Amino acid sequence: MDVTATGIRTAQELVDLNKGTGKEELGRTQFLELMIAQMSHQDPLDPAKNEEFVAQLAQFSTLEGIENLNKSFETVALAMQTSMATQAAALVGRNVVAPTNAASLGSEGGVVGSIELPAAASDVIVDITTATGALVRRIHLGAQARGRLDFGWDGTDGAGQRMPAGAYQVRAYGEFDGEPAELTVNMPDRVVSISVGPNGVLANLAGGSSVPASQIKEIQ
């Protein structure tokens, strides 16, 4: 952007002009252009007052300080993310308990999990479905108090028949003051890899879901 003395005399005016072009931030280069233009084209009969010039220098110093601080924060954030990813790599191959609806049923035994209740519920239901969504078993847990609620599924359907080993889905619902709501389910699973993305460090589970590493409840 060309900066001249005509019509642009203060930093705020340049910011207002930038808004018309979709740019709302006053950059360091533009600030310098503004000050040089003012000094080169000021009216000799009405020069800029010392107080105004000092104020603009203070603005420039503040702007430069903020830019440097932002760069420092970006460097620190990147270093922290790298450190977290390195630490999370130790989870690969480990069994953890994390917020996920995926459950893996073995050839023997059943599965256990827990539910997070934000308030006392008049009724809690756990649905076990196949990977395609077919209902296998509905478990009624009744009225429950606020907090963590442990539950288990023995691996059988509603008729008591043993279900084949494989992947299943677990969903829980609670009734609060007459209104139903889906609840967060924590299930055990194995960490197969770690990935880093815009949402931070993610633990990729054997069941196919990914959860933030910070949300892992237990490491078994």
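A.B. asks: If you had to explain the pairing of strand β7 (residues 166-176) to someone new, which residues and values would you point to?
C.D. replies: Bridge analysis of strand β2 (residues 102-105) against β7 gives 4 bridges, and the strand direction is antiparallel. In the sheet register, Ala 102 faces β7, and the bridge partner there is Gln 169. Direction of pairing for strand β4 (residues 121-130) relative to β7: antiparallel, over a ladder of 8 bridges. Paired with Val 126 across the strands is Ala 172, a residue of β7. Note that β7 and strand β8 (residues 179-197) share 5 bridges and pair antiparallel.

A.B. asks: Explain the packing of aromatic side chains residue by residue, including any values.
C.D. replies: Taken as a whole, this structure holds 1 aromatic pair when the rule is applied. Relative to Tyr 168, the ring of Trp 153 lies with its centre 5.3 Å away and its plane at 70°, an arrangement referred to as edge-to-face. Placement of the pair is Trp 153 in strand β6 (residues 147-153) and Tyr 168 in strand β7, with a sequence separation of 15 residues. Each of the two residues, Trp 153 as well as Tyr 168, counts as buried.

A.B. asks: Residue-level account of the nonpolar core, with values.
C.D. replies: Counting 22 residues, the largest nonpolar core has Ile 115, Leu 117, Val 126, Trp 153 and Val 170 as the members making the most contacts within it. Contributions of two or more residues to this core are made by β2, β3 (111-117), β4, β5 (135-144), β6, β7 and β8. Beyond its immediate stretch of four places on either side in the chain, Val 170 contacts Asn 101, Ala 103, Val 126, Asp 127, Ile 128, Phe 151, Val 185 and Met 187. If you look at the next biggest cluster of nonpolar residues, it comprises 8 residues, including Leu 91, Leu 205, Val 211 and Ile 216.

A.B. asks: I'd love a proper account of the environment of Arg 137, names of residues and values included.
C.D. replies: Topologically, Arg 137 is positioned in strand β5. Dropping the residues within four chain positions of it, Arg 137 is found in contact with Val 126, Asp 127, Ile 128, Trp 153, Asp 154, Thr 156, Asp 157 and Gly 158. A polar side-chain atom of Arg 137 sits 3.0 Å from a polar atom in the side chain of Thr 156.

Definitions and cut-offs
What you see as residue numbers is a count from 1 along each chain, following the sequence as written. A pLDDT threshold of at least 70 governs which residues receive local features in this predicted model, and a stricter bar of 80 or more applies before side-chain atom pairs are shown or counted, although totals over entire chains, interfaces and linings include all residues. Only heavy atoms go into the side-chain values, all of them from the structure, while hydrogens and water stay out. At least two bridges found by DSSP between two strands are what make those strands a pair. Helical segments are the DSSP runs of H or I of at least four residues, strand segments are the runs of E of at least two, and each set is numbered from the N terminus. Aromatic contacts are taken between Phe, Tyr and Trp rings whose centres are within 6.5 Å, Trp giving its six-membered ring; a plane angle under 30 degrees counts as stacked, one over 60 as edge-to-face, and the others as tilted. Only protein chains enter the accessibility calculation, which uses a 1.4 Å probe; a residue whose area is less than 20% of its type maximum is buried, one above 50% is exposed, and one in between is partly exposed. We call a set of buried residues a nonpolar core when its members are Ala, Val, Leu, Ile, Met, Phe, Trp, Tyr or Cys and they connect through side-chain atoms within 4.5 Å of each other. Here, two residues are considered to be in contact whenever any of their heavy atoms come within 4.5 Å of each other. Under this definition, polar contacts are N or O atom pairs within 3.5 Å; protein pairs additionally need one hydrogen-donor-capable and one acceptor-capable atom, and for neighbouring residues in sequence, both atoms have to be side-chain atoms.

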